[in-house]
Amino acid sequence: MFTKKLELDDFMNGLARRNPNEPEFHQAVREVAESVIPYINHHQKYIDARILERMTEPDRIIIFRVCWEDDDGHIRVNRGYRVQFNNAIGPYKGGLRFTSNLSLDTLKFLGFEQTFKNSLTTLPLGSAKGGADFNPKGKSDREVMRFCQSFMTELHKHIGAHTDVPAGDIGVGAREISYMFGQYKRLQNEFRSVLTGKELAYGGSLIRKEATGYGTVFFTREMLKAHQKELEGKRCIVSGSGNVALYTAQKVMQLGATVIAMSDSGGSFLIPSGMTQEHLNHLIDLKEKQRGRISEFAEHFDCDYYPDKKVWDFPCDIAFACATQNELELNDAKELVKNGCIALAEGANMPTTMEASHYLREAGILFAPAKAANAGGVAVSGLEMSQNSMRLSWPLEELEKRLEDIMFKIHQQSKRYGQQSDNTIDYIRGANIAGFTKVADAMLSYGFV
Ligand code: NAP
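Cut-offs used in this document
- As a convention, each chain's residues are numbered from 1 in the sequence order in which they are written.
- For a predicted model such as this one, the threshold for reporting local features is a pLDDT of at least 70, and the threshold for listing and counting side-chain atom pairs is 80 or more; totals across whole chains, interfaces and linings nevertheless cover every residue.
- Water and hydrogen atoms were dropped before computing side-chain values, which therefore reflect all heavy atoms in the structure.
- By nonpolar core we mean a set of buried residues, namely Ala, Val, Leu, Ile, Met, Phe, Trp, Tyr and Cys, connected to one another through side-chain atoms within 4.5 Å.
- Burial here depends on accessible area, computed with a 1.4 Å probe over protein chains only, as a share of the maximum for the residue type. Under 20% is buried, over 50% is exposed, and the range in between is partly exposed.
- We call two residues contacting when some pair of their heavy atoms lies within 4.5 Å.
- Comment: axis = line fitted to C-alpha atoms, over the contacting stretch for helices; angle = value between 0 and 180 degrees taken between N-to-C directions.
- Numbering of helices and strands runs from the N terminus; a helix is a DSSP stretch of H or I covering at least four residues, while a strand is a stretch of E covering at least two.
- In this scheme the crossing of two helices becomes right-handed for a clockwise turn of the near helix relative to the far one and left-handed for an anticlockwise turn of less than a right angle.
- Polar here means any residue outside two lists: the nonpolar Ala, Val, Leu, Ile, Met, Phe, Trp, Tyr, Cys and Pro, and the charged Asp, Glu, Lys and Arg; Gly therefore counts as polar.
- UniProt positions are given in the numbering used here, feature names are shortened, and annotations may be inferred rather than shown by experiment.
- Domain borders in the structure are assigned automatically or taken from a domain database.
- Here's the idea: put two parts together, see how much 1.4 Å probe accessible area each one loses, and the total over both is what we call buried area.
- Each reported salt bridge corresponds to a side-chain nitrogen of Lys or Arg within 4 Å of a carboxyl oxygen of Asp or Glu.
- Aromatic rings from Phe, Tyr and Trp, taking only the six-membered ring of Trp, are treated as a pair when their centres fall within 6.5 Å; an angle between ring planes under 30 degrees marks them as stacked, one over 60 as edge-to-face, and anything in between as tilted.

Caption draft 1: Examining the nonpolar core more closely. Residues Phe219, Met262, Phe269, Met275, Leu283, Phe297 and Phe320 are the most contacted members of the largest nonpolar core, which totals 62 residues. Setting aside residues up to four positions removed in sequence, Phe269 forms contacts with Ile260, Ala261, Met262, Met275, Leu283, Ile294, Phe297, Ala298, Cys303, Asp304, Tyr305 and Phe314.

Structure, rendered in structure tokens:
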């Protein structure tokens, strides 16, 4: 049997028909399909097995009601989700996101991307994503606790240490993970590695909190090295000031580069001489403990603050996109190029629009795609699961070394598959194909499932 070759437009039209009104999911699939379809068309086994159609259909989607009581005694109702995307190479694994405007579209894009990212980590991890249209901002600790307990009361039926192991994402940090783990333990009467990103006291891993940001910087350093450039001495901008952004900034500074600007959804600050250790420590405390705003940071240090402005206009050598999806658009990409930026690293998931991504690559900017660059977080989550299974904890130096090794290997794989005939490296293509082959081959081994 020889099924005919895949055409990108036919494939995308079919996907859009089956998944109407899901632009983010379409965007994420198109980005992968653009690079893997030419590869698939050279490998008849993937065409015959309709592997890309199968990989773009989640294994299952669970949607549920989350009912909880606020501090005023009012009943609140939210919607919870878990998209279990693909478990061909390991138990489902991926974060939970709590934001007010969360949609199934966003979770399908994130779950799909996670398939490739988790494959790249070299660890046995399947893919999933979940969350709720609940915004923890402005809620009391008690309200967050009641919400998390109610959310886990349903979710616990669908997850497990060998089934599906969620972690944090936007709006879900150590506090939320702790409330959810406490409720899981209560419901199941089991102490198992069912969530990662836990606190150290009850099975968390050192460096998990820092892992996504650190990994992004390690990948960027490798990418620069492969092009006879170095990170040291470079002026960097970092969008966002959440988990990924803060630890990206920390590692950038540790490796001898400077961070001149950061942001949140309210605006950006600029410190032309570069942030000091005092600035960074204050910002980490402000964001992680006081849940404060960038405007307060700027006021505290009397530095330049630009309300409602993104960081992309500030001239820099390297840009780290660490806030959210589609935050870097075509006009932002043009500013980066105009100002002499040499590299963009995606710490967030799909922060660059398709148009901006094409523009940056055509302009010769080194582009570290999210699937490869931000895989350090899920990689250390995988190491957290390993430590929990063995009931021991590895020391900090060992974990950082393992993270560096993993990011080195992810760079190698992306470089190998991304090598172009003109000797340049297309890291997007490389990461997509490297991530694809492992999962696709596992799926082929299972037969038609
Ligand atoms: P987080 O801690 O909630 O931080 C998100 C940050 O982005 C906040 O500072 C937020 O500001 C800011 N932000 C949101 N929308 C923005 C906008 N339009 N412009 C500028 N800043 C904006 O989330 P996170 O865990 O760092 O995740 C960030 C990204 O990384 C997401 O795409 C996530 O999926 C991805 N990621 C996370 C991990 C992980 O381990 N955490 C791993 C892989 C990928 P406000 O506070 O004002 O909203």
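Caption draft 2: Representation of the packing of helix α8 (residues 208-225) against helix α15 (residues 376-390) in the model. Where α8 meets α15, the closest approach of the two axes is 7 Å, and the angle between their N-to-C directions is 145°. Crossing hand, α8 versus α15: right-handed. For the pair α8 and α15, the contacting residues are Arg208, Ala211 and Thr212 in the first and Gly376, Gly377, Val380, Ser381 and Glu384 in the second. Broken down by class, the residue content of the contact of α8 with α15 amounts to 2 nonpolar, 4 polar and 2 charged.

Caption draft 3: Representation of the UniProt feature "binding site: substrate" (unreviewed entry) in the chain. Summarizing the sequence annotation, UniProt attributes the feature "binding site: substrate" (unreviewed entry) to Lys93, Gln114, Lys117, Gly168 and Ser381 in the numbering used throughout. On the secondary structure map, Gln114 appears in helix α5 (residues 104-120). Residue classification places Gln114 among the buried residues on the basis of a relative accessible area of 4%. Those residues in contact with Gln114 that sit more than four places away from it in its chain are Lys93, Gly94, Ser127, Ala128, Lys129 and Val378. In this fold, Gly168 is placed in the loop between β5 (164-167) and α7 (174-188).

Caption draft 4: Representation of the domain arrangement of the chain. Assigned domains of the chain: these are domain 1 (1-56 + 426-449), domain 2 (60-191) and domain 3 (209-364). Its C-alpha centre places domain 2 at a distance of 27 Å from the equivalent point of domain 3. In this assembly, 11 residues from domain 2 lie in contact with 7 residues from domain 3. Across the domain 2 to domain 3 interface the summed buried area is about 650 Å²; carbon plus sulfur atoms make up 40%.

Caption draft 5: Region of interest: the environment of Arg402. As for its position among the elements, Arg402 is in helix α16 (residues 396-418). Since its relative accessible area comes to 32%, Arg402 is described here as partly exposed. For the pair Arg402 and Gly376, spaced 26 residues apart in sequence, the C-alpha to C-alpha distance is 10.0 Å. For Arg402, the residues in contact, after removing those within four places along its chain, are Leu383 and Trp394.

Caption draft 6: Structural context of the pattern of salt bridges. The tally for this structure, following the rule as stated, stands at 30 salt bridges. Note that Glu400 and Lys251 form a salt bridge whose closest N and O atoms lie 2.8 Å from each other. With a gap of 149 residues between them, Glu400 in helix α16 and Lys251 in helix α9 (residues 243-254) connect regions that are remote in the sequence. For Asp264, the salt bridge identified is with Lys287, shortest N-O distance 2.9 Å. Taken as a pair, Asp264 in strand β7 (residues 258-264) and Lys287 in helix α10 (residues 277-288) lie far apart in primary sequence, 23 residues in all. For Lys287, a relative accessible area of 16% translates into the label buried. Bridged by salt links that share partners, the residues Glu31, Glu113 and Lys371 form one connected network.

Caption draft 7: Inspection of the packing of aromatic side chains at higher detail. If you walk through the whole model with that rule in mind, you get 23 aromatic pairs. Judged by centre distance (3.8 Å) and plane angle (5°), the ring pair of Phe134 and Phe147 falls under stacked. In this pair, Phe134 sits in the loop between β4 (127-132) and α6 (141-155) while Phe147 sits in helix α6, placing the two residues 13 residues apart along the sequence. An identical accessibility class is assigned to Phe134 and Phe147; each is buried. An angle of 75° between the planes, with centres 5.8 Å apart, marks the rings of Phe219 and Tyr427 as edge-to-face. Here the residue Phe219 occupies a position in helix α8, and Tyr427 occupies one in helix α17 (residues 427-445), the gap between them amounting to 208 residues. You'll find Phe219 and Tyr427 in the same group, each marked buried.

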